[in-house]
Amino acid sequence: ALVAMRQLLDHAAEHGYGLPAFNINNMEQIRAIMLAADACDSPVILQASAGARNYTGEAFLRHMVEAAVETWPHIPIVLHQDHGASPAVCQRSIRSGFTSVMMDGSLREDMRTPASFEYNVRVTRRVVEMAHPVGVSVEGELGCLGSLETGQAGEEDGSGAEGTLGRDQLLTDPDQAADFVQATGVDALAIAIGTSHGAYKFSRRPTGDILAIDRIREIHARLPNTHLVMHGSSSVPQEWLDVIREHGGEIKETYGVPVEEIRKGIRYGVRKVNIDTDIRLAMTGAVRRLLSQKPDEFDPRKFFAAALTAASDLCRARFEAFGSAGQA
Ligand code: G3H
Ligand code: 13P
Ligand code: NA
Ligand code: ZN
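The rules behind the values
- Residues numbered from 1 in each chain as written.
- Chains lettered and ligands numbered in written order.
- Predicted model: local features only at pLDDT ≥ 70, side-chain atom pairs only at ≥ 80, totals over all residues.
- Heavy atoms only, no water.
- Salt bridge = Lys/Arg side-chain N within 4 Å of Asp/Glu carboxyl O.
- Helix = DSSP H or I, 4+ residues; strand = E, 2+ residues; numbered from the N terminus.
- Donors = N, O, S within 2.8 Å, 3.2 Å for Na, K, Ca; no water.
- Buried < 20%, exposed > 50% of the residue type's maximum accessible area, 1.4 Å probe, protein only.
- Contact = heavy atoms within 4.5 Å.

Going through the model one piece at a time under the given rule, you end up with 14 salt bridges. Notably, a salt bridge pairs lysine 264 with aspartate 209, separated by 3.3 Å at the nearest N-O pair. Within this pair, whereas lysine 264 is found in helix 11 (residues 259–267), its partner aspartate 209 is found in the loop between strand 6 (188–191) and helix 9 (213–222), the two being separated by 55 residues in sequence. Note that arginine 217 and aspartate 214 form a salt bridge whose closest N and O atoms lie 3.3 Å from each other. Taken as a pair, arginine 217 and aspartate 214 lie in helix 9 at a separation of 3 residues, close to a single helical turn. Members of the salt-bridge network, linked through shared partners, are Arg6, Asp10 and Asp187.

In this section: the coordination of the sodium ion (ligand 3). For the sodium ion (ligand 3), every protein donor is listed as Ser106 (OG), Glu141 (OE) and Gly143 (O), and the spread of their distances is 2.0 to 2.9 Å. Mapped onto the polypeptide sequence, the residues donating to the sodium ion (ligand 3) form the spacing pattern S-x34-E-x1-G. On the criterion of sequence distance, the pair formed by serine 106 in the loop between strand 4 (100–103) and helix 6 (117–131) and glycine 143 in the loop between strand 5 (137–142) and helix 7 (167–170) is long-range, its members being 37 residues apart. Each member of the pair, serine 106 together with glycine 143, is buried.

This part is about the environment of valine 127. Topologically, valine 127 is positioned in helix 6. Sequence separation between valine 127 and serine 137 is 10 residues; the distance between their C-alpha atoms is 9.7 Å. Aside from chain neighbours lying at most four places away, what touches valine 127 is Pro87, Cys90, Val101, Met103 and Val138.

Each protein donor to the zinc ion (ligand 4) is listed here as His83 (NE2), His197 (NE2) and His231 (ND1); together their distances run 2.0 to 2.1 Å. In the primary structure, the donors to the zinc ion (ligand 4) are separated according to the pattern H-x113-H-x33-H. Here histidine 83 is found in strand 3 (residues 77–84), whereas its partner histidine 231 is found in the loop between strand 7 (227–230) and helix 10 (238–246), with 148 residues between them in sequence. Taken as a pair, histidine 83 and histidine 231 share a single burial class, namely buried.

Laid out in structure tokens, this is it:
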């Protein structure tokens, strides 16, 4: 059944686990996530960005998620709007049947310019006022996602601030977080703790303690009833980078957030963990490998099936690592 995100995250908080939130753009990704969840009995958060809706079309996205609900009626599913750029975008998602929306007011509507605290509060509160009366959950964001290593938002094709950010912009301030939640009433809060979107998070292999764990702990202590969200949480599996490179791909050296660091974040209060890039890398590696091993293959089902299996294995590993397996 489709459920509100508040319900799933309340359960996760009560039982001390985290939920991966995977981005969806097509049928193969939705089936990959659902097959993994079914195999290990995990609840699911499916999230769609504005780019996903442009690619898939609103009706296709909605009906594919309805098909997932019909196929796996025993699994609780949240349909979440990722990085809503304005209250109008969130309103459209609510009308379309999303059970959760993110209003990302940390950036202006262009999704490039850091916004003022006052702007963020204003637009996010407006979304809470639209969403809560109809049972839809709301995620807000405070702080600018970006690498503590480089000061860059890191994202080439999604939301992210332009230019180099300072440490004070890169870490969410606990006092401000408390004021923000008080003023907006959000159910979940995305915090900046040193992660960034996309495949290029760190140029060197992380040695541990790459997240600002103390910030997570401080914010969680101030806001025990608000669910903390970690964006930019792909681990950028080196195995998949190798497969991609072995089969004609060119991806430069890069590292993501180790799963063990995410597990630490979950221990200190993170409940929702956003993952998009890892599924992209696994699917790309699987397609490249299949097509190079079988150069005469031209049935798309063959390479899409390989991509689906690769994505599904990755999802299952995250459900198990974050502790949501067995909780559906
Ligand atoms: O936050 C960015 C997500 O990875 C979604 O990416 O906007 O390319 O769909 P997208
Ligand atoms: P990654 O790019 O690390 O997968 O992060 C995705 C994300 O935060 C979507 O909102
Ligand atoms: Na932000
Ligand atoms: Zn994000």
